[in-house]
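Architecture at a glance
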Amino acid sequence: MDTVLLTGAASGIGRATAGRLAAAGHRCILVDRNASALQALCAALPAPAGQAHVARIADLTDADQIAALADGMPRLDALINNAGMTDSSNRPTVEQSNEDWQRLLDLNLRAPARMVAALRDRLAPGARVVNVASGAGLRAIPWRGGYSPSKAGLIAQSRALAQADADLRVTVLCPGYVRTELVAGLIASGRLDTARAVAKIPLGRLADPDEIACALAFLAGTHAAPLAGGLLCVDGGSSVYGGSQVYGPAASGACVSLDTPLSLTVRGDWPPVPDEGAPDGYPAVLDATVLSSPPGRRLAAALQAARRFDLEGPASLTLLLPADEDLSWDHAGDHAAARMLVASLACEWGPAARRINAVEVAPGMDPAALAPLLRFVAGARAQYLTGQVLCSR
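In this text, all values refer to a predicted model and were calculated from it rather than measured experimentally. (Residues numbered from 1 in each chain as written. Predicted model: local features only at pLDDT ≥ 70, side-chain atom pairs only at ≥ 80, totals over all residues. Heavy atoms only, no water.)

**As for the sheet that holds strand 3 (residues 54-57)**
We count it as follows: When DSSP finds two or more bridges between a pair of strands, those strands are recorded as paired. Working definition: helices are DSSP H or I runs of at least four residues, strands are E runs of at least two. Numbering for both runs from the N terminus. Here the axes come from fitting lines to C-alpha atoms, over the contacting stretch only for helices, and the angles between their N-to-C directions go from 0 to 180 degrees. In what follows, residue pairs with any heavy atoms lying within 4.5 Å of each other are defined as contacts.
Strand order across the open sheet formed by seven strands is 3-2-1-4-5-6-7, with parallel pairing between neighbours. Looking at which strands have only one partner, the edges of the open sheet turn out to be strand 3 and strand 7 (231-234). The mean inter-strand angle of the sheet, taken between neighbouring strand axes irrespective of direction, is 20 degrees. Of the strands in this sheet, strand 1 (3-7), strand 4 (76-81) and strand 5 (123-132) touch helix 4 (residues 98-119), which is tilted by about 160 degrees from strand 4.

Here it is in structure tokens:
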């Protein structure tokens, strides 16, 4: 049983994540400023035997309240910095008050760093730190004040922390648009047009909070170790889309239940992940054939793997790619082209709910350590993950 601290736990992605963590048998330390909602959530979650969940009321824009969280805090196996806010004024960025800027930056950018500093002595060796940024940290969203700058800063800060403190396993999650209370408010105020947002999402829909919760629960566990220092974009493919066509809305949300077992076919020599033929499972293919392709032939091998992927409807293809370390200059272009093929196919396949992702295998990587990550990426709990090339470490 792990003990996981989760901020912003009382609503939206946080509430869904608390449910996933508790269902997996973890003890949760839940932090939010909404005392009544937090207490109700804490009471409703199933608790591991002899270890009740804990509610801690705190406004994370206040550095003193963050520091006070260390008092009586048990040893933590994971810290999920999920709390965040967006600007609600809809005014030009330079016209917003210093007070609005300060509060947003205090919560989105400074609070995660303050949480790590305040709780560093309570974080177990090898503890996981997961910072929730946003696709807005990768692409500027105007009329949202400091939101995009704060999330871009959090991404950079997380990567710097991963390098500065090798005893922590730091990852960043960048969700796309998610149907949370915050997004509902943007829709109600007219600041977010769902049709225009979906038009840039290959999967044709906004994410459900539970889909993001599945990713957070995975990143907070030990099986996410190969992604330490990295970034995971769970955004329906919007971060890799650069076309001018408009995507229509998908018929529904997640195509199959997020808890549907995996029906996996493995192609190529990858024994740590055997075929899993669950009846009525989520169909997926793991293709390792590109690993044996020589430098300069990886694009061709990836294309052949895609052509062999003949599953229709909701399904996933996960490619294993060699890492690009020490490639000669004349082979670097071929490797980059193979990565971009993954993104291009994700944009083409998205309307049919067919997904494609890749995982780069670092030299000396223990293949068995990658197996849980590959099952997650291929499976039903990652139905909003597509077009990504993940670097294992």
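**Section: the packing of helix 9 (residues 298-308) against helix 10 (residues 329-349)**
Filter applied, for reference: Put simply, angles under 35 degrees are roughly parallel, angles over 145 are roughly antiparallel, angles from 65 to 115 are roughly perpendicular, and the rest are oblique. Handedness of a helix crossing follows the sense of rotation of the near helix relative to the far helix, less than a right angle counterclockwise being left-handed and clockwise being right-handed. Side-chain classes follow a simple rule in which Ala, Val, Leu, Ile, Met, Phe, Trp, Tyr, Cys and Pro form the nonpolar group, Asp, Glu, Lys and Arg form the charged group, and the remainder, Gly included, forms the polar group.
The interhelical angle for the contact between helix 9 and helix 10, taken along N-to-C directions, is 25 degrees, at an axis separation of 8 Å. Comparing their axes, helix 10 and helix 9 come out roughly parallel. Considering the relative orientation of helix 9 and helix 10, their crossing is right-handed. Residue-level inspection shows Arg298, Leu299, Ala302, Leu303 and Ala306 of helix 9 in contact with helix 10, the latter providing Asp334, His335, Ala337, Ala338, Leu341, Leu345 and Trp349. Broken down by class, the residue content of the contact of helix 9 with helix 10 amounts to nine nonpolar, one polar and two charged.

**Some thoughts on the side chain of Asp2**
Short version of the rule: For the purposes of these results, a polar contact is taken to be a pair of N or O atoms within 3.5 Å, where, inside protein, one atom must be able to donate a hydrogen and its partner to accept one; residues adjacent in sequence count only when each atom of the pair is a side-chain atom.
Relative to the helices and strands, Asp2 is located in the segment before strand 1. A distance of 2.7 Å separates a polar atom in the side chain of Asp2 from a polar atom in the side chain of Arg128. Among all residues touching Asp2, those that are not within four sequence positions of it are His26, Arg27, Asp77 and Arg128.

Treat this as a map of the structure, not an account of what it does.
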